[in-house]
Amino acid sequence: MEHIKERRILKELNYLHINGPRSVWTYVSDLYALILGLLAVTGLFVLKGKKGFSGRGIWLTLLGIVIPIVFLLIYL
């Protein structure tokens with residue numbers, strides 16, 4: 001006979017991961033994603049000069065955009 005035992009903390013984390021409670025958690029996760037996006041954009045302009053965005057930062061930004069698009073095209 002097989003017995004399934006639920007693990008208390010993992011069950012709740014999985015419930016949040018599959019976006020179970022549609023009311024508040026969806027808004028919290030959307031706000032968190034927006035804050036992370038804002039952090040990424042403002043982080044582009046922290047350094048100045050040849051190590052900043054106008055120097056090698058533009059190439060790193062373009063590389064960070066191109067690589068996911070390439071993988072998306074490969075696996076679709």
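Residues numbered from 1 in each chain as written. Predicted model: local features only at pLDDT ≥ 70, side-chain atom pairs only at ≥ 80, totals over all residues. Heavy atoms only, no water.

### Describing the overall build of the protein chain
Item 1. Looking only at helices and strands, the protein chain features three helices and zero strands.
Item 2. Overall, the protein chain shows an N-to-C arrangement of helices and strands of α-α-α.
Item 3. The C-alpha atoms of the protein chain give 20 Å as radius of gyration, which overshoots the globular expectation for 76 residues (11 Å, by more than 25%).
Item 4. With the C-alpha coordinates of the protein chain rotated into their principal frame, the extents come out at 65 × 30 × 20 Å.
Item 5. A total of 76 residues make up the protein chain; the buried ones form 4% of that total.
Item 6. Of the roughly 7500 Å² of accessible surface on the protein chain, a fraction of 72% belongs to carbon and sulfur atoms.
Item 7. Averaging the positions of the 9 positive and the 4 negative side-chain charges in the protein chain gives two centres separated by 20 Å. (Helix = DSSP H or I, 4+ residues; strand = E, 2+ residues; numbered from the N terminus. Rg over C-alpha atoms; globule rule 2.2 N^0.38 Å. Buried < 20%, exposed > 50% of the residue type's maximum accessible area, 1.4 Å probe, protein only. Areas by Shrake-Rupley, 256 points an atom, 1.4 Å probe, with all protein chains shown as cover. Lys, Arg positive; Asp, Glu negative; His and termini not counted. Charge placed at Lys NZ, Arg CZ, Asp CG, Glu CD.)

### Structural notes on a nonpolar patch on the surface
Item 1. A cluster of nonpolar side chains, contributed by Leu60, Leu63, Val66, Ile67, Val70, Phe71, Ile74 and Tyr75, occupies part of the molecular surface with about 820 Å² of accessible area.
Item 2. Mapped onto the fold, Ile74 is located in helix α3 (residues 53–75).
Item 3. Relative accessible area serves as the criterion here: at 57%, Ile74 is assigned to the exposed category. (Patch = residues over 30% accessible without salt bridge, like charges linked within 9 Å, V, L, I, M, F, W, Y side chains within 5 Å. Salt bridge = Lys/Arg side-chain N within 4 Å of Asp/Glu carboxyl O.)

### Concerning the packing of aromatic side chains
Item 1. Inspection of the entire model under this criterion finds two aromatic pairs.
Item 2. Between the aromatic rings of Phe71 and Tyr75, the centroid separation amounts to 6.2 Å while the plane-to-plane angle is 10°, which identifies the pairing as stacked. With Phe71 and Tyr75 both in helix α3 and four residues apart, this pair spans about one turn of that helix.
Item 3. You can call Phe71 partly exposed: its relative accessible area is 44%. (Phe/Tyr/Trp six-rings, centres within 6.5 Å; stacked < 30°, edge-to-face > 60°.)

### Quick notes on the environment of Thr42
Item 1. Tracing the backbone through its elements, the reader meets Thr42 in helix α2 (residues 25–43).
Item 2. In sequence terms Thr42 and Ile58 are 16 residues apart; their C-alpha atoms lie 14 Å from each other.

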